[in-house]
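Geometric and topological summary
One letter stands for each residue in the lines below.
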Amino acid sequence: MSNATKLIHSIPVDPLTGSISVPIYQTSTFIQEAPGQNKGYDYARSDNPTRAALEKIIAELEHGVAASAFASGLAAIDAVVKLLESGDEILAVDDIYGGAFRLFTHIYAKFGIKVKYVDTTDVVNVLDAINSKTKLVWLETPTNPTLKISDIAAIAGIAKQNGALLCVDNTFASPALQQPILLGADIIVHSATKYLGGHSDLIAGLVVTKTKELGDKIKFIQNASGAVLSPYDSWLVIRGVETLYLRVKEHSRNAQIVAEYLQTHPAIDKVYYPGLTTHINHDIAAKQQSGFGGIVSFTLKEDTELAAKNVVCNTKLFKLAESLGGVKSLLCHPATMTHKSIPVEKRLAAGVKDSLIRLSVGLEDANDLVKDISQALGKINSVAEKIAAFQ
Ligand SMILES: *Cc1c(COP(=O)(O)O)cnc(C)c1O
């Protein structure tokens, strides 16, 4: 049976009524027959049937044994860091999601957890940086926004040998393209806000674990800390994942067309897309992913903030907004938007130049998207009126 069929039919039918859609259990508590005697649920922070249905679907989809659904991707990341103790170290990919950088550096540093950032595209850097204090290796692959690809299987081997857990933020690839647990990861996190939800209408996060023991620890942390996903938003994510394979396939197809077009454009300096044979570690992406995803980034020959703003303020179909993975195409200027909390030297070292633009290629017709980018690129040197409003 194909993965898409399996996924669609992993969504349960309600045994009570036959409802083909998972019921939304909008409740805070559950009546007990006697103290401690219940139907498996006692209080909705600890567990809720709608949330539990989502968690089971995602655990299966990612080949894990347990999942927990959180109020945001960052709440999911936060729960994983809480597995650590003061004195432990995290070894993380340098091109990390800005919010994860902020959480690690500005919150957990205070509690004695150290983070080392390295370029994980070369496993030698991981071997050099890992030490006896490293308890967690943190990967994103592809990364945001330069689509860096790291070899999950090779790094899983290094982490295991060192007694560290490997966590992969699988937001960009989504389980439709990449299954990190099958490649040796211990934990997967998701911002379900992106491809899993898929419609830009919610904020949600997930943690999936390879073992029940880790799953129980995450559940304990979730119940103790409280950042649970609401029943309604759990239902929306279930509704979104029904079409995950269909959407991600089309996002990838459109993104490949847009990336190949950008590569031929005279104003473009560099295109970042794992589906291009020129992309660093394209061969690893081709090996560990079954498609290359919907995110494309590029820099301009005129590497200035103004040139980039002239492009992002002049597209008509690509809307200027943070976030990604929805039906509508979006674009953003990481240097002044998603990555503005990262110090300039660190940002530039990670390849996030002043003119870098990130596209979340949506589900519109690819030709229309190419035309839109093309006309906006024609405005690089204009002094756009919109700039004033943008600043
Ligand atoms: C958006 C995102 C997050 C954070 O998720 P939220 O749902 O916004 O909290 C984490 N990792 C990656 C790769 C993301 O794109």
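A word on the pairing of strand β3 (residues 114–118)
Across 5 bridges, strand β2 (residues 89–93) lies against β3 in parallel orientation. Along β3, the bridge assignment pairs Ile90 with Val115. Crossover β2 to β3 through helix α4 (residues 98–107) is right-handed.

Some details on the nonpolar core
Counting 39 residues, the largest nonpolar core has Leu54, Ile58, Leu196, Val237 and Leu244 as the members making the most contacts within it. When contributions to this core are tallied by element, the ones reaching two or more residues are α2 (49–61), β1 (66–70), β7 (205–209), α8 (231–241) and α9 (244–263). With 6 residues, α2 is the single largest residue contributor to this core. Split by domain, the residues of this core number at least three in each of domain 1 (3–241) and domain 2 (245–389).

Some details on the pattern of salt bridges
In total, this model carries 15 salt bridges according to the counting rule given. Note that Arg51 is salt-bridged to Glu55, the shortest N-O span being 3.4 Å. Of this pair, Arg51 and Glu55 both sit in helix α2, 4 residues apart, which is roughly one turn of the helix. Taking relative accessible area as the criterion, Arg51 reaches 0% and is therefore assigned buried. Here Glu55 falls in the buried class, since its relative accessible area comes to 6%. In this structure, the salt-bridge partner of Asp94 is Lys148, at a minimum N-O distance of 2.9 Å.

What about the packing of α9 against helix α13 (residues 366–377)?
Running from N to C, α9 and α13 cross one another at 35°; their axes reach a closest spacing of 9 Å. The interaxial crossing formed by α9 with α13 has right-handed handedness. Contacts between α9 and α13 involve Asn254, Ile257, Val258, Tyr261 and Leu262 from the former and Ala366, Leu369, Val370, Ile373, Ser374 and Leu377 from the latter.

Considerations on the site of the ligand
If you check the shell around the ligand, you find 13 residues, and the closest are Gly73, Asp169, Ser191, Thr193 and Lys194. Contact with the protein chains covers 92% of the free accessible surface of the ligand, which is 380 Å². No other element matches helix α3 (residues 73–81), which puts 3 residues into the shell around the ligand. The residue makeup of the shell around the ligand, split by class, is 5 nonpolar, 5 polar and 3 charged.

Observations concerning the sheet that holds strand β5 (residues 165–169)
Judged by pairing direction, the sheet is mixed, and its 7 strands sit side by side in the order β1-β7-β6-β5-β4-β2-β3 without closing on themselves. This sheet does not close on itself; its edge strands, each paired only once, are β1 and β3. This sheet shows a mean twist of 20° between the axes of neighbouring strands, independent of strand direction. Looking at chain direction, β2 and strand β4 (residues 134–140) are connected through 4 bridges and run parallel. If you follow Ile90 over to β4, its bridge partner there is Leu136. In the packing of α4 onto the sheet, the strands contacted are β2, β3 and β4, and the crossing angle to β3 comes to about 140°. Against the sheet, helix α6 (residues 152–161) contacts β4 and β5, and its axis sits at roughly 150° relative to β5.

Focus on the sheet that holds strand β11 (residues 330–332)
Strand order across the open sheet formed by 5 strands is β8-β9-β12-β11-β10, with mixed pairing between neighbours. A single partner strand is all that each edge strand has here, and the edge strands are β8 (268–272) and β10 (319–320). Alignment of strand β9 (residues 295–300) against strand β12 (residues 357–360), held across 4 bridges, turns out to be antiparallel. Residue pairing in the sheet places Val296 in a bridge with Leu359 of β12.

A closer look at the domain arrangement of the chain
Here the chain is partitioned into domain 1 (3–241) and domain 2 (245–389). Each partner contributes to the interface: domain 1 provides 40 residues, whereas domain 2 provides 40 residues. Interface area for domain 1 against domain 2, summed over the two sides, is near 3,100 Å², with a carbon-plus-sulfur share of 60%. Summed over the three residues of domain 1 that lose the most area to domain 2, namely Ile149, Leu177 and Tyr195, the buried surface amounts to 24% of that side. Our count for the contact surface shared by domain 1 and domain 2 stands at 1 salt bridge.

Here is what the cut-offs are and how they apply
- Residues numbered from 1 in each chain as written.
- Predicted model: local features only at pLDDT ≥ 70, side-chain atom pairs only at ≥ 80, totals over all residues.
- Heavy atoms only, no water.
- Pairing = 2+ DSSP bridges.
- Helix = DSSP H or I, 4+ residues; strand = E, 2+ residues; numbered from the N terminus.
- Right-handed = clockwise from strand over helix to strand, strands pointing away.
- Core = buried A, V, L, I, M, F, W, Y, C linked by side-chain atoms within 4.5 Å.
- Buried < 20%, exposed > 50% of the residue type's maximum accessible area, 1.4 Å probe, protein only.
- Domains from an automatic or database assignment.
- Salt bridge = Lys/Arg side-chain N within 4 Å of Asp/Glu carboxyl O.
- Axes fitted to C-alpha atoms, helices over the stretch in contact; angles between N-to-C directions.
- Left-handed = near helix turned anticlockwise from the far one by under 90°.
- Contact = heavy atoms within 4.5 Å.
- Near = heavy atom within 4 Å.
- Areas by Shrake-Rupley, 256 points an atom, 1.4 Å probe, with all protein chains shown as cover.
- Nonpolar A, V, L, I, M, F, W, Y, C, P; charged D, E, K, R; others polar.
- Buried area = accessible area lost by both parts, 1.4 Å probe.

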